[in-house]
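Coordinates in review
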Amino acid sequence: MTLIDFVNLLLSALLLAGVYAVMSVGMTVIYGVMKIVNLAHAGFMMLGAYFALELFERFHVDPILAALLAFPVMFLLGGALYWVLVRRLPHSDEPTLPSLLLMFGLWLVLQNLGYLIWGNTDRSILTPRTLSVINLGPISISTVRLTVFVAAVACLLVLQGLLHYSWFGRSVRALIQNRYAALISGVYEGRTAGIAFGVGIGFAGLAGGLLGSLYSFDPDFGRPFLIRAFVIVVLGGLESISGVALGALVLALVETFSILFVPAGYQLAISFGLLAITLIVLPGGIASLLAKVRRLA
Amino acid sequence: MSAFSAILPARSIAKWIAKWRNTALLWALLAALAVAPLLIPSPNTIRLLFTTFLWVTTSIAWNLLGGFAGQVSFGFAVFYGVGAYTTALLMNAGLNPFIAFLASAFTAVLVSLFVGVPAFRLRGPYFAIATIGISEAVRVVMTNLTFTGGASGYRIVEHRPFSQREHYYTALVLASLAFVISLLIANAKFGMGLKAIRQDEDAAADLGVNPYTYKLAAHALAAALTGMAGGVFARYAAFIHPGGVFGFHTSVHILLMPVIGGIATVWGPVLGGFVFGIVEEEIVASFPEIHLLLYGILLIIIVLFEPGGILGGANKLLRRFRAKR
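Source: prediction; values computed, not measured. Sequence positions are assigned chain by chain, starting from 1 and proceeding in written order. Going through the entries in the order they are written, you letter the chains from A and number the ligands from 1. Only residues with pLDDT of 70 or above have their local features reported here, since the model is predicted, and side-chain atom pairs are shown and tallied only from 80 upward, although totals for entire chains, interfaces and linings are computed over all residues.

**A word on the environment of Ile 117 of chain A**
For Ile 117 of chain A, the position within the fold is in helix α4 (residues 97–118). Between the C-alpha atom of Ile 117 of chain A and that of Pro 219 of chain A, which follows or precedes it by 102 residues, the distance is 9.3 Å. What counts as a helix is a DSSP run of H or I of at least four residues, what counts as a strand is a run of E of at least two, and both are numbered from the N terminus.

Structure, rendered in structure tokens:
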């Protein structure tokens with residue numbers, strides 16, 4: 001492998017990491033505040049992708065803009081679903097099986113509604129950007145991947161700002177750190193959880209819209225991405241948002257560079273197998289690994 | 001002792017009926033199913049019952065781990081697929097199919113240990129998520145393996161005349177076996193231990209139940225039954241492919257039946273299997289989406305309002321009805 005190949009792979013891993021981070025961050029917010037593992041994440045990503053497609057085909061909205069527009073729509077949908085379904089779940093400090101099954105049922109509903117509305121043909125969003133490439137000497141970057149990356153990073157920065165400088169963000173972080181202390185200090189859990197669920201679903205929709213610009217999709221879209229999001233969230237330590245970015249980068253690097261060692265057909269098996277392996281070997285995520293290393297040193 | 005029915009008061013007869021009702025119901029059901037192929041000549045009905053028996057078997061198997069022990073798994077397609085492929089490979093090597101089914105059970109148990117030994121270090125929901133990853137990874141590997149034909153599937157050649165009745169009775173025996181195992185476990189120390197683990201793993205461990213070995217044992221038993229069901233299916237279908245037997249939807253179906261029928265009960269998974277098999281048959285041909293859409297809605301309702309499933313809901317209605325009377 002030449003140096004240029006290496007740089008090309010590194011760049012594509014980095015661009016991939018941006019989308020991966022956006023698709024996992026919603027799951028982290030929901031898990032952190034409510035300790036619910038959102039199995040329906042894939043379903044909402046699928047809705048986001050079709051939302052972007054419909055806006056693009058009917059109203060000729062730029063797909064990236066359409067993905068950004070998916071956020072408020074999915075935010076409202078998430079808030080409504082929280083109000084109707086999720087808040088009825090019993091409170092718990094760790095994920096429960098009823099919550100898992102509820103979200104799974106929701107996924108089944110979304111997925112099959114998708115089949116009813118859009119059928120099972122593969123769809124894709126094609127713009128002039130899709131096939132164009134920016135050439136920087138020997139290094140080439142796909143334009144659509146670059147724009148998606150920029151949009152993803154911008155959204156992550158906005159979320160990070162929101163979490164650090166707003167009342168809502170402080171409530172979210174307080175609930176993640178210590179629920180009881182947060183309640184004593186006057187955090188309104190119901191409203192914060194509702195908004196957090198909306199934000200989580202909104203980010204799922206946004207990520208779906210962005211992924212729709214990169215890959216073709218059908219109503220089953222999102223299952224491989226759901227599993228990847230799990231890996232990233234676990235690698236990132238389940239509750240930290242900057243951890244998610246790190247986890248996304250690690251997964252993107254592993255996936256991109258595994259192509260050098262593993263036949264292409266088996267590549268997905270690596271991402272899927274990583275889920276079980278990280279859960280079993282590294283349940284505390286990368287941060288706990290670093291802490292362990294530091295303690296040993 | 002002669003004419004004891006005249007001496008015994010009516011109340012104790014009612015008690016006697018209540019005591020043996022379940023057993024009588026079971027024998028009646030078995031007898032009806034055993035003579036069904038003689039009375040109903042339609043091969044389509046027989047096929048429907050055959051697949052329903054397989055669903056019932058997997059549903060009961062899933063319930064051993066997911067119901068009694070409370071360890072929800074999204075990965076039962078792995079055992080179903082491994083069982084199917086074991087039978088397929090061995091039958092093509094010239095082995096008697098019934099020995100091949102036993103071999104399917106054996107390989108499925110091996111796989112269950114391979115999965116369970118590391119994965120049961122995880123608690124409930126994390127175990128559930130890990131099984132999604134394992135099941136999908138196995139499917140991808142099977143899609144790429146060359147000696148099983150990869151994604152294009154694998155064909156089984158059997159040099160014997162096709163007898164639908166033989167398949168039917170094989171499946172019926174398998175489902176009965178699964179039911180008997182589930183019935184025995186529910187009332188045995190092993191089953192009590194599993195139920196204790198579901199309610200509180202730490203408390204169970206304090207009382208001398210080793211959650212790790214209990215879960216492994218339940219997992220292995222469930223895998224053996226599911227593997228055999230996969231083998232029986234493979235022999236009937238004569239063609240299997242990773243997208244089918246290893247597909248995520250197979251895991252989903254196996255999970256939905258016991259949850260909808262009534263989790264952690266003996267009859268719930270049977271009921272769930274029958275309802276699923278028959279409803280699937282009626283709806284899936286024309287509206288495959290509505291089928292799973294219905295089950296998704298049902299799952300949401302069950303989780304939020306009636307964790308006992310159809311059986312629990314029916315019992316509740318019955319009790320309310322009796323109380324009114």
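So much for the structure itself; the text now carries on.
**Quick look at the packing of helix α5 (residues 97–119) of chain B against helix α10 (residues 211–237) of chain B**
The description of two packed helices rests on the angle between their axes and on the distance between the axes. Residue and element names in this part refer to chain B. Lines are fitted to the C-alpha atoms to define the axes, a helix being fitted only along its stretch in contact, and any angle between axes, read from their N-to-C directions, falls within 0 to 180 degrees. Interhelical geometry of α5 versus α10 gives an angle of 140° and a closest axis separation of 7 Å. Judged on the interaxial angle alone, α10 and α5 are oblique. The chirality of how α5 crosses α10 is right-handed. Split into classes, the residues belonging to the contact of α5 with α10 amount to 14 nonpolar, 9 polar and 2 charged. For classification purposes, an angle smaller than 35 degrees is called roughly parallel, one larger than 145 roughly antiparallel, one from 65 to 115 roughly perpendicular, and anything else oblique. Throughout, a crossing is termed right-handed when the near helix is turned clockwise from the far one, and left-handed when it is turned anticlockwise from it by less than a right angle. Three classes are used: nonpolar for Ala, Val, Leu, Ile, Met, Phe, Trp, Tyr, Cys and Pro, charged for Asp, Glu, Lys and Arg, and polar for all others, with Gly counted as polar.

**Quick word on the interface of chain B and chain A**
Taken together, the 32 residues of chain B in the interface contact 32 residues of chain A. Of all the secondary-structure elements, those providing two or more residues to the side of chain B that touches chain A are α5, α6 (124–144), α12 (248–261) and α14 (288–305) of chain B. Ranked by the residues each element gives to the side of chain B that touches chain A, the list is headed by α6 of chain B, at 14 residues. Each residue belonging to the side of chain B that touches chain A can be placed in one class, and the counts come to 24 nonpolar, 5 polar and 3 charged. We call two residues in contact when the distance between their C-beta atoms, placed using the backbone, is within 7 Å.

**Focus on the pairing of strand β1 (residues 133–136) of chain A**
Residue and element names in this part refer to chain A. The pairing criterion is simple: DSSP has to find at least two bridges between the two strands. Here 4 bridges tie β1 to strand β2 (residues 139–142), and the two strands are oriented antiparallel to one another. Note on β2: the bridge partner recorded for Val 133 is Ser 142. In textbook terms, the turn of a hairpin is the stretch between consecutive antiparallel strands, and for β1 and β2 this stretch comprises 2 residues, one of which, Gly 137, has a positive phi near 65°.

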